[in-house]
Each structure stands twice: as structure tokens, then as C-alpha cells.
Amino acid sequence: MSSFEFSAAFQQHYPSFYSFALSLTRNASDAEDLVQESAYKAYRYIDSFKVGTNFKSWVNTILKNTFINKYHSRKRRNVVDAPIEDVSKMGGIIDQSISNLAISNIQMEEIHEIIENLDEKFKTPFLMYYSGYQYDEIAEILDIPLGTVKSRIFYARKDLRKNLHFAQ
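None of these values were measured; they are calculated from a predicted model. (Residues numbered from 1 in each chain as written. Predicted model: local features only at pLDDT ≥ 70, side-chain atom pairs only at ≥ 80, totals over all residues. Heavy atoms only, no water.)

Caption draft 1: Molecular detail of the layout of surface pockets. When its volume is computed, the largest pocket comes out at roughly 640 Å³. For the largest pocket, the lining is made up of 17 residues, of which W58, T61, N65, Q134 and D136 are closest to its centre. For the lining of the largest pocket, the elements supplying multiple residues, two or more each, are helix 3 (55-76) and helix 7 (135-142). Residue contributions to the lining of the largest pocket peak at six residues, all from helix 3. Here the residues of the lining of the largest pocket sort into six nonpolar, eight polar and three charged. Within this model, the second largest pocket holds a volume of roughly 190 Å³. Taken together, M108, I111, H112, I115, E116, F126, L127, Y130 and L160 make up the full set of residues lining the second largest pocket. Only helix 5 (93-116) and helix 6 (120-130) provide two or more residues apiece to the lining of the second largest pocket. In terms of residues, the lining of the second largest pocket owes the most to one element, helix 5, which gives five residues. Considering only residue class, the lining of the second largest pocket consists of seven nonpolar, one polar and one charged. (1 Å grid on protein atoms, 1.4 Å probe; cavity = no way out; pocket = protein on both sides within 12 Å on 5 of 7 lines; lining within 4 Å. Points joined across faces, edges and corners; volume = space filled by probe spheres on them. Helix = DSSP H or I, 4+ residues; strand = E, 2+ residues; numbered from the N terminus. Nonpolar A, V, L, I, M, F, W, Y, C, P; charged D, E, K, R; others polar.)

Set out below in C-alpha cells:
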């Protein structure tokens, strides 16, 4: 796809991209920034776009992933705006975090045990998806239909939720 074709296709779908970004950010300025950043990424990785596939879906996926990555990076940053004197008055935070760490470790052990006890036909696609594989990649690797992959991952999640004691 040439630069001219990319520009024309992007402009054609711009209202849709902006609308989608606005639904994610709920802020006009942030939506514009998100669309602009997605346009940059899409243009930068235009070589990975397969001609004949849906350009709008491809860019919307980039847009959604960009939004998610920004959300996660903002969530990871725990910025304290209070002066250090006020922070030191919070005292029990360290004790509480140690307690939470112990609880988290127990919960993670329980999750791993439940996953290990899943039927193999559910466990394999679930772990592949959890590792970052897309549904279509899992279907291709395991040589099973796409719908079967989605169904098995759904049932693995359902079973995981049902068997988690701390989530109830």
C-alpha cells in the first residue's frame, strides 16, 4: 500500500476512527490524540497490512490496542502528589501491602492449580491465549476451527471463575 493509498483510506474512515476513539476515551481531545497516534503506528507498520483485508478493522485494532496500552501504563504509575510529610503519616501502608502480597500469592497458587486441573482440550487454548496468541493463531496451530477455540477459551474462563473461592 502506497503512502497516497494509505492517506486516502485513512481519511475515508477518519470519522469512524474518531467515533471509536471517543467511545473509548470519552474525551474529544484524548480521542483526537488517540486517532493521531494510531495513524502514526498504522503508517509505521503499513508493511504488516495485508492488501485485500479490511483496512478499517486493522486500524481499529491498532487504535484499541494503543488505548489499552496507554490505560495500563497509566494504571501502573502510582503517582503520589502529596508532600513527603503527608505520605509518611500514612504509616500502615507497608504492613497492609505485605499482608496483601501473602493473600495474592495464595490466590495465584489457587489459580494455577485450577488451570492445571482443566481438561487438556480447554487448558491448551486458554494458556495459549493467555500467553498472547490471537484466536486465529491458536486455531491454526492446534488445527481446530476458530469457533471451537473461542468456545474452549470461554468454557475455561467459566470453569476458572466457578472454581475460584476468593472471588465469591
